[in-house]
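One-letter residues, chain by chain:
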Amino acid sequence: MFPDAHCELNHSNPFELLIAVVLSAQTTDASVNKVTESLFQKYKRPEDYAAAPLEELERDIRTIGLYRNKAKNIKKLCEILLREYGGEVPADRDELMKLPGVGRKTANVVVSVAFGIPAIAVDTHVERVSKRLGICPWKDTPLQVEETLMKKVPKEEWSITHHRLIFFGRYHCKAQSPKCTVCPLFHLCREGKKRLKTT
DNA sequence: AACTCGGGGCA
DNA sequence: TGCCCAGAGTT
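All values reported here derive from a predicted model rather than from experimental measurement.

As for the pattern of salt bridges
Per the counting criterion, the structure on display carries 14 salt bridges. What emerges from the salt-bridge pattern is a single network uniting Arg93, Asp94, Arg104 and Glu146.

Structure follows, in structure tokens:
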């Protein structure tokens, strides 16, 4: 889930946001954005996904990575939404995490972006940047990273913090080639100093 | 903790 | 054209 997507998404529609974020797992937002316009034209409500044959839904999102899993998950997810939640997206992280294809990271994005509930979504960028900066130990799980960040950041800034860290990680503090020599945070970054010494 | 699922971006 | 990237679920 890259930050680009948040700009294109309809924040006032939790259902579309949920579908888009589920589609985004392990793929670039550019590829998700290619299908969402036509997808949201065709499928408006959970009923529409639930009624569609699986093969048809697969075809409609074919260009996205892991599309078979995602089609299956989305169809099931919509059936559960209809059966258990009156067709509405629950504004609750733990309820969202019961849905197939929705893990903690996706659930945190949905509650924070769609419902304004303070949450820190820990994806690989947030995790990597937090660890490089020394905010938390390398051995921490994503959940531990989330808890540490929640302790260190005021609640009002949780959501914007994960946006900032995702941006920073995606475009600047990249996994393979971080731009340490021109990094504004170099003076407080453990990993940056280590990396520049060895190069 | 390791593996699987699949396509896009970039070297 | 092959390597690296990005979550969730299962074992």
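Observations regarding the protein's contact with DNA strand B
Looking at DNA strand B, the residues that line it are Gln26, Thr27, Ser31, Arg62, Thr63, Ile64, Gly65, Leu66, Tyr67, Arg68 and Asn69. Among all atoms of DNA strand B positioned within 4 Å of the protein, those belonging to sugar or phosphate total 66%. At 2.8 Å, a backbone N or O of Gln26 approaches a base nitrogen of DNA strand B. Thr63 has a polar backbone atom sitting 3.0 Å from a sugar or linking oxygen of DNA strand B. Considering each element in turn, the surface near DNA strand B owes the most residues, three residues, to helix H6 (residues 67–85). Residues that form the surface near DNA strand B fall into these classes: three nonpolar, six polar and two charged.

Details of the confidence of the model for chain A
On average, chain A scores 92 in pLDDT, and the residues at 70 or more come to 93%. Across residues 2–8 the pLDDT falls below 50, and counting only partners more than four positions away or on other chains, this stretch makes 17 contacts in the model.

Some words on helix H11 (residues 158–172)
In a regular helix each residue adds 1.5 Å, so 15 residues correspond to 21 Å; H11 covers 20 Å between its end C-alpha atoms and thus fits that length. The set of residues buried in H11 consists of Trp158, Thr161, His162, Leu165, Ile166, Phe168, Gly169 and His172.

Here we look at the domain arrangement of chain A
Segmentation of chain A into domains returns domain 1 (3–114) and domain 2 (124–198). Taking only C-alpha atoms, the centre of domain 1 and the centre of domain 2 are 28 Å apart. Each side of the interface is counted separately: domain 1 has eight residues, and domain 2 has eight residues. Note on domain 1 versus domain 2: buried area summed over both sides is about 720 Å², and carbon and sulfur give 60% of it. Remark: the boundary between domain 1 and domain 2 carries two salt bridges. For the pair domain 1 and domain 2, the interface holds two residue pairs in polar contact (both at pLDDT 80 or more).

Points about the packing of aromatic side chains
One pass over the structure, following the stated rule, counts three aromatic pairs. Where Phe15 meets Tyr49, the ring centres are 5.7 Å apart and the plane angle is 70°; that geometry is what we call edge-to-face. Pair noted here: Phe15 is in helix H2 (residues 14–24) and Tyr49 is in helix H4 (residues 46–51), with a separation of 34 residues, a long-range link. Using a relative accessible area of 8% as the deciding quantity, one classes Phe15 as buried. Taking relative accessible area as the criterion, Tyr49 reaches 0% and is therefore assigned buried. Ring centres of Phe167 and Tyr171 lie 5.5 Å apart, and the angle between their planes is 35°; on these two criteria the pair is classed as tilted. On the criterion of helical spacing, the pair formed by Phe167 and Tyr171 is a turn pair, its members being four residues apart in helix H11.

A look at the nonpolar core
Core analysis: the largest hydrophobic core is formed by 36 residues, its most contacted members being Leu18, Ile19, Leu23, Leu39, Tyr49, Leu77 and Leu96. Of all the elements in the fold, those that place two or more residues in this core are H2, helix H3 (29–42), H6 and helix H8 (104–115). For this core, the leading source of residues is H2, giving eight residues.

Looking at the UniProt feature "binding site: [4Fe-4S] cluster" (unreviewed entry) in chain A
Annotation from UniProt places "binding site: [4Fe-4S] cluster" (unreviewed entry) at Cys173, Cys180, Cys183 and Cys189. Their sequence span is 17 residues, while the largest C-alpha to C-alpha distance among them is just 11.1 Å; these annotated residues converge on one region. The topology assignment puts Cys180 in the loop between H11 and helix H12 (190–198). Cys180 has contacts with Phe186, Gly192, Arg195 and Leu196, leaving out every residue within four places of it along the chain. Note that Cys189 resides in the loop between H11 and H12.

Looking at the packing of H2 against H8
Orientation of H2 relative to H8, taken along the N-to-C sense of each, is 150°, at an axis distance of 10 Å. For the element pair H2 / H8, the angle class is roughly antiparallel. For the pair H2 and H8, the crossing hand works out as right-handed. Two secondary-structure elements touch here, H2 through Pro14, Leu17, Leu18, Val21 and Val22 and H8 through Thr106, Val109, Val110, Val113, Ala114 and Phe115.

Conventions adopted
- Residues numbered from 1 in each chain as written.
- Chains lettered and ligands numbered in written order.
- Predicted model: local features only at pLDDT ≥ 70, side-chain atom pairs only at ≥ 80, totals over all residues.
- Heavy atoms only, no water.
- Salt bridge = Lys/Arg side-chain N within 4 Å of Asp/Glu carboxyl O.
- Near = heavy atom within 4 Å.
- Polar contact = N/O pair within 3.5 Å; in protein donor to acceptor, adjacent residues only side chain to side chain.
- Helix = DSSP H or I, 4+ residues; strand = E, 2+ residues; numbered from the N terminus.
- Nonpolar A, V, L, I, M, F, W, Y, C, P; charged D, E, K, R; others polar.
- pLDDT = per-residue confidence, 0-100.
- Contact = heavy atoms within 4.5 Å.
- Expected span 1.5 Å × (residues − 1).
- Buried < 20%, exposed > 50% of the residue type's maximum accessible area, 1.4 Å probe, protein only.
- Domains from an automatic or database assignment.
- Buried area = accessible area lost by both parts, 1.4 Å probe.
- Phe/Tyr/Trp six-rings, centres within 6.5 Å; stacked < 30°, edge-to-face > 60°.
- Core = buried A, V, L, I, M, F, W, Y, C linked by side-chain atoms within 4.5 Å.
- UniProt positions renumbered as here; feature names shortened; annotations may be inferred.
- Axes fitted to C-alpha atoms, helices over the stretch in contact; angles between N-to-C directions.
- Parallel < 35°, antiparallel > 145°, perpendicular 65-115°, else oblique.
- Left-handed = near helix turned anticlockwise from the far one by under 90°.

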